[in-house]
Amino acid sequence: MARKLVLSLSMFMGLASLIFIHVYGDNFHNIDDNSPPLTTIQHHVSSSSTTTHFLERMRKMQELKASFLRRDLAADSSISAPPGPAPQPPPQGTSGPCVYRVTSYGADPTGKSDSTEALLRALSDAFNGPSKGSLMDGISNLGGAEIYLEGGNYMISKPLRLPAAGAGNLLIHGGTLRASDNFPTDGYLFDLSASSSSLYIYEYITLKDLMFDSNFRGGGISVVKSLRTSIDNCYITHFTTNGIFVQSGHETYIRNSFLGQHITAGGDPGERNFSGTAINLMGNDNAVTDVVIFSANIGIMVSGQANTLSGVHCYNKATGFGGTGIYLKLPNLTQTRIVNSYMDYTGIVAEDPVQLHISSSFFLGDAHILLKSINGVAKGVNIVDNMFSGSNKGVGIVQLDHSKGPFKQIDQVVVDRNNVRGMSLKATVARGSVEGNGTSWTVDFNPVLLFPNLIKHVQYSLSATGSAFPNHALRNVSGNRVVIESNVAVPASVFVTVDQGVLSST
């Protein structure tokens, strides 16, 4: 558009110049014809003066034309400055971002040849790259250096480890790591561990947009004594030990990821033979968020404190085949929160639970919660506001394993406000009523109450009809049965509420 405007202005100004010259010339000619004859000198002076005046007018008109052109060119940057080449990232080794492209080290993105040494060289260069200060004491800040797998599929024959302890702020992303046929069966494709006496050996290492194929030889990722590790949008498969193993350390966050020993979408004919553990948390203060576990004997094993599981979908191996979705193996100090999760034909097992919270979750296909007695302790347990759906086989939504002895220390255990379809409701709070004409009324809570022979608190009311005004009292609560008696026979209705989980006086 701007070019058309400039062209139109040029044509207009050129035409104006011609008109001006023609008019000026005619006037000059008329003056010459009608004027009396002049001397040669006079004619020369007059002609010179007129020519000078004409040239001055032309110069001013050219300047006016040029000013229009400059103004329009400035308004259209595409005319004044032709597009240059697209900006390129600075070459590796400059002061710009430190991005280590593994193919430049000789890694084979087709997966046909062994890329172990090439990938280890890239790790070594990143580790020994420019330091941008420090993180925790003894951990250098690599400044957000990136190891970029460039969308390749790389075969490795031994675990990838950082060359030494003491580094952080490193991103590894964008490709696939696959174990070779001679990969050690006790190893992990990526092993974030090193020999060190420090409390933490790595900090802020991020694994993102990666696939780990263990080729049924060992595990996927090992994180040991590492601080603030992030595993984000990863797909981990064909492991025989652990998909992700976390030991000691602090704050490993696993999110938006998929794990399965076998690649399946449920109903696999070999499901009863699934083995291994998808995620094994042997550390504190970790979080698993928005993760799908589609095949493994155990979905998530937790033996560390203060961990959070949210948005987890487990259909790794049905309980009927011996599988467990989430196993909390930390007797007497569970401190685990499980919320907004989906237990799909596989349940939750908690040993001697102490401070355990399970809520807002969905249990499908007779999936349930099993409290397993080790030392007979259950304290500070909330199982509330969940949904359970089963096959009408009478399976209880919460069950007890007394194979090693009954629960004896029970305090602040609340199982309540769960909705149930096709399964047997179990709770620690129950309500019942009975009607009759006599002196004794019994309400049996055994079908509902979770713990046997345990009622810690009772509230009741007796509504009698007729003219009698009986005296009545609570007479017995043994065997999870509440007995109310009156001094005279009357027709009455008795309403009772019981609670097994109220804090005991001892």
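Looking at an unreviewed UniProt entry, one finds the protein chain named Rhamnogalacturonase A/B/Epimerase-like pectate lyase domain-containing protein and attributed to Xanthoceras sorbifolium.

**Some thoughts on the overall build of the protein chain**
Scanning the protein chain for helices and strands turns up four helices and 32 strands. Here the protein chain, with 506 residues, has 45% of them falling under the buried criterion.

**Considering the packing of aromatic side chains**
Counted under the stated rule, the structure contains six aromatic pairs. Taking 5.9 Å as the distance between ring centres and 55° as the angle between the ring planes, the aromatic pair formed by Tyr-235 and Phe-294 counts as tilted. Of the two residues, Tyr-235 sits in strand 9 (residues 230–237) while Phe-294 sits in strand 13 (residues 287–295), which places them 59 residues apart along the sequence. Given the relative accessible area of 5%, Phe-294 is considered buried. An angle of 25° between the planes, with centres 5.4 Å apart, marks the rings of Tyr-342 and Phe-362 as stacked. One end of the pair, Tyr-342, is in strand 19 (residues 342–344); the other, Phe-362, is in strand 22 (residues 362–364), and 20 residues separate them in sequence. According to the relative accessible area criterion, Tyr-342 is partly exposed, its value standing at 25%. Assessed through its relative accessible area of 26%, Phe-362 is described here as partly exposed.

**As for the pattern of salt bridges**
Summed over all chains, the structure comprises 10 salt bridges. Two residues, Arg-228 and Glu-251, come together in a salt bridge whose shortest N-O distance is 3.2 Å. Residue Arg-228 is found in the loop between strand 8 (226–227) and strand 9, and its partner Glu-251 is found in the loop between strand 10 (242–250) and strand 11 (253–260); the two are separated by 23 residues along the sequence. In this structure Arg-228 comes out as partly exposed when scored by relative accessible area, which is 35%. Overlapping salt bridges bring together Glu-203, Arg-228 and Glu-251 as one network.

**Details of helix 4 (residues 116–127)**
Given a rise of 1.5 Å per residue, 12 residues ought to cover 16 Å, and the 16 Å separating the end C-alpha atoms of helix 4 matches this to within 8%. Thr-116, Ala-118, Leu-119, Leu-120, Ala-122, Leu-123, Ala-126 and Phe-127 are the residues of helix 4 that are buried. Of the surrounding secondary structure, the elements contacted by the buried residues of helix 4 are strand 1 (99–101), strand 2 (140–148), strand 3 (153–156) and strand 4 (167–179).

**A closer look at the side chain of Asp-108**
Locating Asp-108 in the fold gives a position in the loop between strand 1 and helix 4. At 3.2 Å, the side chain of Asp-108 forms a polar contact with the backbone nitrogen of Lys-112. Ignoring any residue separated from it by four or fewer positions in sequence, one finds Asp-108 in contact with Ser-113, Ser-115, Asn-153 and Tyr-154.

**Looking at empty space enclosed by the protein**
Overall, the coordinates contain one cavity of 30 Å³ or more when judged by the stated rule. Approximately 50 Å³ is the volume found for the largest cavity. Together, Val-102, Leu-119, Leu-123, Ile-147, Leu-149, Leu-160, Ile-172 and Leu-177 line the largest cavity. For the lining of the largest cavity, the secondary-structure elements that each account for two or more residues are helix 4 and strand 4.

**Details of unusual backbone geometry**
Positive phi, close to 65°, is recorded for Asn-169, a residue that is not glycine. Mapped onto the fold, Asn-169 is located in strand 4. The phi torsion at His-238 lies on the positive side, around 60°, for a residue other than glycine. As for its placement among the helices and strands, His-238 is situated in the loop between strand 9 and strand 10.

**Side note on the confidence of the model for the protein chain**
Averaged over every residue, the pLDDT of the protein chain is 86; residues scoring 70 or more account for 80%. Between residues 1–50, whose pLDDT stays under 50, and residues either more than four places distant or in other chains, the model counts 27 contacts. Low pLDDT, under 50, characterises residues 68–95; the predicted model gives this stretch 18 contacts beyond four residues in sequence or across chains.

**Some points on the pairing of strand 5 (residues 188–192)**
Counting buried residues along strand 5, five of its five residues qualify, which places the element largely inside the surrounding structure. With four bridges joining them, strand 5 and strand 7 (residues 219–224) adopt parallel strand pairing. Considered in strand 7, the bridge of Leu-192 is made with Val-223.

**Structural notes on the side chain of Gln-261**
Checked against the element boundaries, Gln-261 lands in the loop between strand 11 and strand 12 (277–284). Taking relative accessible area as the criterion, Gln-261 reaches 3% and is therefore assigned buried. A polar side-chain atom of Gln-261 sits 3.0 Å from the main-chain carbonyl oxygen of Phe-239. Discounting chain neighbours no more than four positions away, the residues touching Gln-261 are Phe-216, Thr-237, His-238, Phe-239, Thr-240, Phe-274, Ser-275, Gly-276 and Ser-295.

Cut-offs and rules
- Residue positions are counted from 1 within each chain, in the order its sequence is given.
- Per-residue local features of the predicted model are confined to residues with pLDDT of at least 70, and side-chain atom pairs are confined, for both listing and counting, to 80 or more; whole-chain, interface and lining totals are unaffected and use all residues.
- In computing side-chain values, all of the structure's heavy atoms are included and hydrogens and water are not.
- Only DSSP runs of H or I covering at least 4 residues are called helices, and only runs of E covering at least 2 are called strands; the numbering of each starts at the N terminus.
- Per-residue accessibility, obtained with a 1.4 Å probe over protein chains only, is compared with the maximum for each type, and a residue is labelled buried under 20%, exposed over 50%, and partly exposed between these values.
- The aromatic pairing rule takes the rings of Phe, Tyr and Trp, using the six-membered ring of Trp, and pairs them if the centres are within 6.5 Å, calling planes under 30 degrees apart stacked, those over 60 edge-to-face and the rest tilted.
- Salt bridge, as used here, is a side-chain nitrogen of Lys or Arg placed within 4 Å of a carboxyl oxygen of Asp or Glu.
- The span you would expect from a helix comes to 1.5 Å times its residue count less one.
- Only heavy atoms matter for contacts: two residues are in contact if any of them lie within 4.5 Å across the pair.
- Polar contacts, as used here, are pairs of N or O atoms within 3.5 Å; protein pairs need one atom able to donate a hydrogen and one able to accept it. Residues neighboring in sequence count only if both atoms are side-chain atoms.
- A pocket, in this scheme, is an open set of points on a 1 Å grid over the protein atoms alone with protein on both sides within 12 Å along at least 5 of 7 lines, while a cavity is a set where a 1.4 Å probe fits but cannot get out; residues line either one if an atom lies within 4 Å of a point.
- Grid points are joined across faces, edges and corners, and a volume is the space filled by probe spheres set on the points.
- As a per-residue measure, pLDDT reflects the predictor's confidence and takes values from 0 up to 100.
- Pairing between strands is defined by DSSP: at least two bridges between them are needed.

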